[in-house]
Amino acid sequence: MQGRSLAVLIHRIFLLLMLALLSGCMQPQFVDKPYPRWGKEFQVSGSTDTGEEATPSQSLLLRVMSPPTENPPVGCLLLVHGMNEHIGRYEDVARFFSQQFMVAGFDYYAHGLSNPVLQQADRALSDGAGRQDVSDAYLAQTALDDLEPMRRDLDRAINETVRICDMQYKKNKPVFIVAHSLGALVTASYMLQPQAADGPVSRIAGVVFLGPGFAVSEVPGWRGWLANPLIKLSFHAETHFLHPHDEPLPVLIFNQLVSLLTVPVLDGMFEVLSWPGIRRFATPSAPGWVVDYLTDSAQEKASLREDGWIIRRSLLRYVKGIESEIVQFRRHMDGFSTPYFLIYSAHDPITPAWGSKDFIHATIHNHPDNAYRALSQSRYHQHLFLTEPLRSRLLHDIEQWLNKRVQTLQQKEK
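Reference entry: report on the structure contained in this document. These figures come from a predicted structure and were not determined experimentally. (Residues numbered from 1 in each chain as written. Predicted model: local features only at pLDDT ≥ 70, side-chain atom pairs only at ≥ 80, totals over all residues. Heavy atoms only, no water.)

## Topic: the sheet that holds strand E7 (residues 175-180)
The condition that has to hold: DSSP-based pairing: two strands are paired if at least 2 bridges between them are found. Numbering of helices and strands runs from the N terminus, with a helix taken as a DSSP run of H or I at least four residues long and a strand as a DSSP run of E at least two residues long. In this analysis, axes come from line fits to C-alpha atoms, helices being fitted only over the stretch in contact, and the angle between any two N-to-C directions falls in the range 0 to 180 degrees. Residue contacts are counted whenever heavy atoms from the two residues lie within 4.5 Å of one another.
Spatially, the eight strands line up as an open sheet ordered E2-E3-E5-E4-E7-E8-E9-E10, and their pairing is mixed. The two strands at the open ends of the sheet, each matched to only one other strand, are strand E2 (40-44) and strand E10 (371-375). When strand polarity is set aside, the average angle formed by the axes of neighbouring strands in this sheet is 20°. Where strand E9 (residues 340-345) and E10 come together, five bridges link them in parallel fashion. Considered in E10, the bridge of Ile343 is made with Arg373. Packing of helix H12 (residues 353-363) onto the sheet brings it into contact with strand E8 (204-210), E9 and E10, and relative to E9 it is tilted by some 155°.

Here's what the structure looks like:
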C-alpha cells in the first residue's frame, strides 16, 4: 500500500508541474468579426445518439464550393480540419481543389459553428452587436472523453456530401477526404468501423492524411524535459493496460503492474481536473510554441494568433480521450484498407513522425495506390498553410494523387 501511495503522489506532482509549465496565461478570448464563411451553406439534418432530432447546439453546417460551370467535376472532396481549429480557415484550400472537384467542409463537434458558444457569438455579430466573449467555448469539449461525437459528425458530413454530389452531378462520382491532424485520426478510426456495403462510405475512393494524429505529442525545448516523460509513461501504460504484447514474462508482469497503477490514477486525475469549478484554472491554454510549429509563414502565424474562432484551451478530459483513441487505433490500424496518400514532417512535435511511420509500415501494402511523402527537413504541422513554393508543390502532389485515383477508377469502369 505504501508503494502505491508513493506512485500516486509522484504522478500528482508530475501532473501539477506539467500543468504549471505547459499552461499559457488564461487570457479572455473575443471575436469581433463574423465567422469566415465560404461556399454555399447546407443545413445537415440528422438525429442524436438517442434518436431525437438534432437541436441547434448540435446542428451541422456543410459548406460547399463547386467548380466553374464549364468544368464538370471529376469527383467530390470533403475537407476535415484538426484539433481546436475550424473549417473557415480553409477557403483558399477549397478554392484550389474546386477547380476539379466539388469541395465540401464542416466544423466538428465543439468546433467552429458546431460549438454553441461560437455559434451564438456569430449570430450576435451578424446582428450588429459588438465583440463577443468566447472564453468558455472550450467547455463544449466536456462530452469528448472519446471521439465518438466527432465520428458521428463525420458520418453526417459524408452522407450529406454524397447526397449533394449525386444531386448536382451524375451518380457514382468518386468521393475523397482530405483530413488534417486530429481530423485524420477521426477519419481513419471511422473508416475502420463496420460499414454498410452499399452505404455512402463505400463511395470513398481515397483519403489524404496531412500530419495525421497517429502519435501523442512530444513537447519541444526545455518544457519537454518535464512533460515528455509523463506523456510517454501515460501512453505506455494505456498501450499495455490489459493488453499483453507477447513480451517475455518478466516484462509482461512489469508492464501490467505499471499500467494497473498508472492508468486509473491518471484517468481519475484528468477527470477530476475537468470538473466544473476546477477546470476553470486546471484547463491549460495552448502554449506559445504551438504556433511556431504549425507553419513557417509569418503572415499565417499572425493570422493564427488573431483568429478568435480557434479554441485556445483544451479540457484535460478531451486530451486524455485523444490519447486513448490513439492507443485504440494503433491496435487495429493494420486493417485500414482505403487507398491513402500521407504527408508528414520528420520533426513535427505536435504529431510526431513515428506515428505516421508505424501506420505506413502496417498498411502500405494494403492497396497498390497507397503512397506517402516525408518532409525530412520540416518541423511544421499544417502543410496546407506553409510558405511558397512548398505549399503549392504539396497541393499539386495531392491533386496528382487524386487524379491518379480517378483514372484508376475510370479504367476499371471500362
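## Let's talk about the packing of aromatic side chains
Quick reminder of the rule: Pairs were defined over the aromatic rings of Phe, Tyr and Trp, the Trp ring being its six-membered one, requiring ring centres within 6.5 Å. Orientation was assigned from the angle between planes: stacked under 30 degrees, edge-to-face over 60, tilted for the rest. The classification of residues rests on relative accessible area computed with a 1.4 Å probe and restricted to protein chains. Under 20% of the type maximum is buried, over 50% is exposed, and intermediate values are partly exposed. Look at NZ for Lys and CZ for Arg. If either is within 6 Å of the ring centre and within 35 degrees of the ring normal, a charge sits over the ring.
This structure, assessed with the given rule, holds 17 aromatic pairs. Ring plane angle 65° and centroid distance 5.6 Å describe the contact between Phe336 and Phe359, whose orientation is recorded as edge-to-face. Of this pair, Phe336 sits in the loop between helix H11 (316-332) and E9 while Phe359 sits in helix H12, placing them 23 residues apart in sequence. For the residue pair Phe336 and Phe359, the accessibility class agrees, reading buried in each case. Ring pairing ties together the aromatic residues Phe209, Phe214, Phe329, Phe336, Tyr340 and Phe359, which thus form one cluster. A cation over an aromatic ring shows up here: Arg313 above the ring of Tyr138, its NZ or CZ 4.4 Å from the ring centre. Taking NZ or CZ as reference, Arg379 lies 4.7 Å from the ring centre of Tyr293, over its face.

## Considering the pattern of salt bridges
Selection criterion: One speaks of a salt bridge when a side-chain nitrogen belonging to Lys or Arg is within 4 Å of a carboxyl oxygen belonging to Asp or Glu.
All told, the structure shown has 19 salt bridges when counted by the stated rule. Residues Glu41 and Arg37 are paired through a salt bridge, measuring 2.6 Å at the closest nitrogen-oxygen approach. Notably, a salt bridge pairs Arg405 with Asp369, separated by 2.7 Å at the nearest N-O pair. A residue pair is termed long-range when its members are at least 10 positions apart, and Arg405 in helix H13 (residues 390-413) and Asp369 in the loop between H12 and E10 qualify at 36 residues.

## Structural notes on the state of the cysteines
Here is the rule we go by: We call a pair of cysteine sulfur atoms a disulfide whenever their separation is within 2.5 Å.
Counting across every chain of the model gives one disulfide. Sulfur-sulfur distance for the disulfide between Cys76 and Cys165 comes to 2.0 Å. Across the S-S bond of Cys76 and Cys165 the torsion is about 80°, and the bridge reads as right-handed. Linking Cys76 in strand E4 (residues 75-80) with Cys165 in helix H4 (residues 148-168), this pair joins segments that are 89 residues apart in sequence.

## Comments concerning the pairing of E7
Rules: Look down the strands so they point away from you; if going from the first strand over the helix to the second traces a clockwise path, that crossover is right-handed.
The buried fraction of E7 amounts to six of the six residues, a majority that puts the element mostly inside the structure. With burial as the criterion, each face of E7 is covered, one bearing Val175, Ile177 and Ala179 and the other bearing Phe176, Val178 and His180. Alignment of E4 against E7, held across five bridges, turns out to be parallel. Considered in E7, the bridge of Val80 is made with Ala179. As paired elements, E7 and E8 share six bridges and run parallel to each other. Among the inter-strand pairings, Phe176 is bridged to a residue of E8, identified as Gly206. This β-α-β element, E7 to helix H5 (residues 182-191) to E8, shows right-handed connectivity.

## Describing the packing of H4 against H5
Condition: For this classification, under 35 degrees means roughly parallel, over 145 means roughly antiparallel, 65 to 115 means roughly perpendicular, and everything else is oblique. Basically, the charged four are Asp, Glu, Lys and Arg, the nonpolar ten are Ala, Val, Leu, Ile, Met, Phe, Trp, Tyr, Cys and Pro, and anything else, Gly included, counts as polar.
At their nearest, the axes of H4 and H5 sit 10 Å apart, and the two run at 75° to each other. Considering the angle they form, H4 stands roughly perpendicular to H5. In this structure, H4 uses Met150, Arg151, Leu154, Asp155 and Ile158 to contact H5, whose residues at the interface are Leu182, Val186, Thr187, Ser189 and Tyr190. Residues of the contact of H4 with H5, tallied by class, amount to six nonpolar, two polar and two charged.

## Structural notes on the nonpolar core
Quick note on the threshold: Take the buried residues of types Ala, Val, Leu, Ile, Met, Phe, Trp, Tyr and Cys, join any two whose side-chain atoms come within 4.5 Å, and each joined set is a nonpolar core.
Formed by 108 residues in total, the largest nonpolar core has its most connected members in Leu62, Leu78 and Phe209. When near neighbours in sequence (up to four residues on either side) are disregarded, Leu78 contacts Leu62, Ala104, Gly105, Phe106, Leu154, Ala157, Ile158, Thr161, Phe176, Ile177 and Val178.

## Some remarks on H5
In an α-helix there are 3.6 residues to a turn, and that puts residues three or four apart on one side. Here H5 lies mainly inside the structure; ten of its ten residues are buried. Those residues of H5 that fall on the buried side of the exposure criterion are Leu182, Gly183, Ala184, Leu185, Val186, Thr187, Ala188, Ser189, Tyr190 and Met191. Taken together, the buried residues of H5 touch E4, H4, E7, E8 and H11.

## Quick look at the packing of H5 against H11
What counts is decided by this rule: Crossings are assigned a handedness: left-handed for a near helix turned anticlockwise from the far helix by less than a right angle, right-handed for a clockwise turn.
It is the contact of H5 with H11, at a shortest axis distance of 11 Å, that shows an interaxial angle of 45°. It follows that H5 is oblique to H11 by the angle criterion. When the axes of H5 and H11 are compared, the crossing they make is left-handed. Of the residues in H11, those touching H5 at Leu182, Leu185, Ala188 and Ser189 are Tyr318, Ile322, Glu325, Ile326 and Phe329. Taken together, the residues that form the contact of H5 with H11 break down as seven nonpolar, one polar and one charged.

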